[in-house]
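Coordinates in review
Chain by chain, the residues:
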Amino acid sequence: DAKTTQPPSMDCAEGRAANLPCNHSTISGNEYVYWYRQIHSQGPQYIIHGLKNNETNEMASLIITEDRKSSTLILPHATLRDTAVYYCIVRFPRGYQKVTFGTGTKLQVIP
Amino acid sequence: GAVVSQHPSRVICKSGTSVKIECRSLDFQATTMFWYRQFPKQSLMLMATSNEGSKATYEQGVEKDKFLINHASLTLSTLTVTSAHPEDSSFYICSAYPGQEGNNQPQHFGDGTRLSIL
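This write-up is about the structure you can find in this document.

1. What to know about the overall build of chain A
- Looking only at helices and strands, one finds zero helices and nine strands in chain A.
- Scanning chain A from its N terminus toward the C terminus, one meets helices and strands in the order β-β-β-β-β-β-β-β-β.
- C-alpha extents for chain A along the principal axes are approximately 40 × 30 × 25 Å.
- Counting only residues that meet the buried cut, chain A has 46% of its 111 residues in that class.

2. A word on the layout of surface pockets
- If you add up the space inside the largest pocket, you get close to 540 Å³.
- What lines the largest pocket is a set of 21 residues, among which His40 and Val85 of chain A together with Gln38, Lys41 and Gln42 of chain B lie closest to the centre.
- If one sorts the elements of the lining of the largest pocket by residue count, strand 8 (residues 84-91) of chain A sits on top with three residues.
- A class-by-class count of the residues in the lining of the largest pocket yields eight nonpolar, 10 polar and three charged.
- Put simply, the second largest pocket is a space of about 230 Å³.
- When residues of the lining of the second largest pocket are traced back to their parent elements, those giving at least two are strand 4 (45-50) of chain A together with strand 10 (108-109) of chain B.
- Residue composition of the lining of the second largest pocket, by class: six nonpolar, five polar and one charged.

3. Observations concerning the nonpolar core
Residues and elements named next belong to chain B.
- Counting residues in each nonpolar core, the largest one holds 24 residues, and the members touching the most others are Trp35, Phe67, Leu79, Tyr92 and Leu115.
- Breaking this core down by element, the ones donating at least two residues are strand 2 (10-13), strand 3 (19-25), strand 4 (32-38), strand 5 (45-51), strand 7 (67-73), strand 8 (76-81), strand 9 (90-96) and strand 11 (113-117).
- In contact with Tyr92, other than residues within four places in its own chain, are Gln6, Ile21, Tyr36, Arg37, Met47, Phe67, Leu79, Gly112, Thr113 and Leu115.

Each value, and the rule that gives it
- Residues numbered from 1 in each chain as written.
- Chains lettered and ligands numbered in written order.
- Predicted model: local features only at pLDDT ≥ 70, side-chain atom pairs only at ≥ 80, totals over all residues.
- Heavy atoms only, no water.
- Helix = DSSP H or I, 4+ residues; strand = E, 2+ residues; numbered from the N terminus.
- Buried < 20%, exposed > 50% of the residue type's maximum accessible area, 1.4 Å probe, protein only.
- 1 Å grid on protein atoms, 1.4 Å probe; cavity = no way out; pocket = protein on both sides within 12 Å on 5 of 7 lines; lining within 4 Å.
- Points joined across faces, edges and corners; volume = space filled by probe spheres on them.
- Nonpolar A, V, L, I, M, F, W, Y, C, P; charged D, E, K, R; others polar.
- Core = buried A, V, L, I, M, F, W, Y, C linked by side-chain atoms within 4.5 Å.
- Contact = heavy atoms within 4.5 Å.

Next up, the structure:
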């Protein structure tokens, strides 16, 4: 699976959009991009995933660049409950694959 | 949506005790489950892949005799930390993929088990 890089930390004002970047420059054509978040002392929570088109659900939007070498997770109106570590992962939709977590981005939403 | 349940959520026990952690897929069958360990302020580290009806596959550096994995049914995997010592204190998390093999559905995680060895 392709390796991802994310900034270690970010701050965002409550009510503003949080834009979390992820670099996956070695991504292969069939690899999907997945985003999870982990709130303190809980298991990771799935947020969204995509292949090449932009995706939106009730939690967030995922913007994938045309060359697919990077993506951005957008939380449109961040709340204090969005404070968490956000992980970007890429993997093939092939079998029940193990995935490797990077260090993620610690998002701090500020009142 | 798919739910993965872990039990117990927290365990505190004496050094030398063996501790069993259960991971259940509540509304789907999981032939494969994964066990992670997470130390404070660190990322999740994959320990092993649990396979229903066969032996688990351990990541490099993980002692298979120390961390016993049993996946006896399509909805249950257990991790037993044998003769636990303080350095085994950690947050243990399991995960599984719902749906058919080869699809793009995300894996779902349990809420984790906080293990503290005194």
